2 protein chains.
Amino acid sequence: MMIDKFLNFIATRIALTDTDIALCKKYFEPVLLPKNRILEEEGKVPKYLYYIVSGYLRLFHYNKNGDEVTTHINCPPGFFTSYSNFINETKSDENVECITECELLRITKNDLDEITSKSSSIKDFSIFVFQQSLTYNEKRSRELGTLSAEQRYRKLMEEHPDILYNVPISYIASFLGMKAESLSRIRRKMTS
Amino acid sequence: MMIDKFLNFIATRIALTDTDIALCKKYFEPVLLPKNRILEEEGKVPKYLYYIVSGYLRLFHYNKNGDEVTTHINCPPGFFTSYSNFINETKSDENVECITECELLRITKNDLDEITSKSSSIKDFSIFVFQQSLTYNEKRSRELGTLSAEQRYRKLMEEHPDILYNVPISYIASFLGMKAESLSRIRRKMTS
DNA sequence: CCCATTAACTAACAAAAGTCAAGTAGATTC
DNA sequence: GAATCTACTTGACTTTTGTTAGTTAATGGG
């Protein structure tokens, strides 16, 4: 069951009481979604925070030239959403899309507020999740600011080789802040 | 008084009781620090979260070539620290330095935990502060990934012209993810 | 006041990344 | 199984950014 995997994941971080488990089972909704399904749309307040049980998700938008720009990619075990817009209930300028078929557990902001107010350990866990996102974004902005395109690709290869096998190269290039042609060249250079 | 400016700032966000005000006055320590003073050091757990009353701060480290890399710059009104390391009490790989003389209010992690446990409105405010940092870093990583060097400089000019007059160009270039020479060229091109 | 130091700018050249256009290979469809 | 479509690659060329080194201007200390 999806929810059990999720509870195991939480349990690696905090101690769960039976009440906590019941709350999670009640409020986190398991969904199975097909490849390319859009979960959240540009211009709208993100409805859900997602926990990824299986599959790959991305955040993307269209720039002024109408080209797609992928700004985030994530995979299990982890959470996904346009965090700042989800938290503040503001309109997002990004779409959330399934890159592959995905098993997800989702929860609305209202329901999250509800369970975090009912359980202080769930609240602690939710704060932990947002801190993880903060840490991740600090790391990402540092890497984009200081590493070359090739170094960024090498780092992704080391830290997330699975992404290379499950996500289109064009999304990866955009995510790494370069053009698909540049990534193609870097990949050829590295194999030869 | 520094602390009054701080309380006014908080009051724009949350309603403060007399108890909250007393707690802040008791635990936030006002300090006046000279230009170039190092407040937190690479390799150590950051001691304080800082509120900036006046002046400019930066976060920087040395890369493998021994060159300084400035990763963040901030100014009033705002908080400053190596967030993820401060929160998790982990060793930071960044230094915090005063770029100019600074009036700051600082608080340790222990004291912050103490006042957030005593006052739920201060807790809400502290969560808000960390969310701001999350929002900021999402924005920053997106800009570094998608904008050209010139676009990044133009955006800084629009959004924080004051930084240009108070921070050395070399720090700004590094902060924008480019070499000082590149920024120099961009600036000349824009004025001619 | 002079010297030493540093920050910022310049110029010439090299390397990296973007652009445009075409080609290939693998799937998909009819 | 031919035709189509899509993702990815390639190559030639342009633009942007980095590199190195030299110059100038401002700054601070003795």
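Look above for the structure.
Because the structure is predicted, anything quoted here is derived from the model rather than measured.

Colleague: Hey, could you run me through the sheet that holds strand β5 (residues 68-74) of chain A in this one?
Modeller: Remark on secondary structure: sheet strands pair via backbone hydrogen bonds, oriented parallel or antiparallel. Residues and elements named next belong to chain A. Reading across from one edge, β2-β7-β4-β5 is the order of the 4 strands in this open sheet, with antiparallel pairing throughout. Every interior strand has two partners, whereas the edge strands, β2 (38-40) and β5, have only one. Adjacent strand axes in the sheet meet at a mean angle of 35° when their direction is disregarded. Bridge count for strand β4 (residues 57-62) against strand β7 (residues 95-98) is 4 bridges, and the pairing is antiparallel. Within the sheet, the bridge partner assigned to R58 lies in β7 and is E97.

Colleague: Explain the side chain of T71 of chain A to me, please; I cannot follow it from the model alone.
Modeller: For T71 of chain A, the position within the fold is in strand β5. By relative accessible area, T71 of chain A is classed as buried at 5%. At 3.2 Å, the side chain of T71 of chain A and the side chain of E94 of chain A are in polar contact. Residue contacts for T71 of chain A: discarding those within four places in its chain leaves L59, F60, H61, E94, R140 and F175 of chain A together with R142 of chain B.

Colleague: Help me understand the relation of the copies chain B and chain A, please; the structure alone is not making it clear to me.
Modeller: To go from the first copy of the chain to the second, apply a rotation about an axis and then a shift along the same axis. Relative to chain A, chain B is turned by 180° and slid 0.1 Å along the rotation axis, the superposed coordinates differing by an RMSD of 0.0 Å. What the superposition gives is, in effect, a two-fold axis relating one chain to the other. By C-alpha distance to the rotation axis, the residue of chain B lying nearest is S141 of chain B, at 2.1 Å. Most of the interface of chain B is mirrored in chain A, where 100% of its interface residues again form contacts.

Colleague: I'm lost on the protein's contact with DNA strand C in this one. Help?
Modeller: Around DNA strand C there are 14 residues in total, and A149, S182 and R185 of chain A together with I169 and R188 of chain B lie nearest to it. For DNA strand C, the fraction of protein-proximal atoms (within 4 Å) that sit in sugar or phosphate groups is 68%. Separating a phosphate oxygen of DNA strand C from a backbone N or O atom of S170 of chain B is a distance of 3.3 Å. A distance of 2.9 Å separates a phosphate oxygen of DNA strand C from a polar side-chain atom of R188 of chain B. Elements represented by at least two residues in the surface near DNA strand C include exactly α9 (180-191) of chain A together with α8 (169-175) and α9 (180-191) of chain B. Among the elements that take part in the surface near DNA strand C, α9 of chain B stands out by supplying 4 residues, more than any other. Its residues assigned to classes, the surface near DNA strand C shows 4 nonpolar, 4 polar and 6 charged.

Colleague: What's the story with the protein's contact with DNA strand D in this structure? I'm lost.
Modeller: Around DNA strand D sit 14 residues in total, of which S184 of chain A together with A149, E181, S182 and R185 of chain B are the nearest. In this structure, a phosphate oxygen belonging to DNA strand D sits 3.3 Å away from a main-chain N or O atom of S170 of chain A. For DNA strand D, a phosphate oxygen lies 3.0 Å from a polar atom in the side chain of R188 of chain A. Broken down by secondary-structure element, the contributors of at least two residues to the surface near DNA strand D are α8 (169-175) and α9 of chain A together with α9 of chain B. Ranked by the residues each element gives to the surface near DNA strand D, the list is headed by α9 of chain A, at 4 residues. For the surface near DNA strand D, the class distribution of residues is 4 nonpolar, 4 polar and 6 charged.

Colleague: What am I meant to see in the sheet that holds strand β2 (residues 38-40) of chain B here?
Modeller: All names here are of chain B. Here 4 strands make up an open sheet; going across it, the order is β2-β7-β4-β5 and the pairing antiparallel. Every other strand in the sheet has two partners, leaving β2 and β5 (68-74) as the edge strands with one partner each. Put simply, the sheet's adjacent strands are angled 35° from each other on average, direction ignored.

Conventions used here
Residues numbered from 1 in each chain as written. Chains lettered and ligands numbered in written order. Predicted model: local features only at pLDDT ≥ 70, side-chain atom pairs only at ≥ 80, totals over all residues. Heavy atoms only, no water. Pairing = 2+ DSSP bridges. Helix = DSSP H or I, 4+ residues; strand = E, 2+ residues; numbered from the N terminus. Axes fitted to C-alpha atoms, helices over the stretch in contact; angles between N-to-C directions. Buried < 20%, exposed > 50% of the residue type's maximum accessible area, 1.4 Å probe, protein only. Polar contact = N/O pair within 3.5 Å; in protein donor to acceptor, adjacent residues only side chain to side chain. Contact = heavy atoms within 4.5 Å. Least-squares fit on C-alpha atoms with pLDDT ≥ 70 in both. Near = heavy atom within 4 Å. Nonpolar A, V, L, I, M, F, W, Y, C, P; charged D, E, K, R; others polar.

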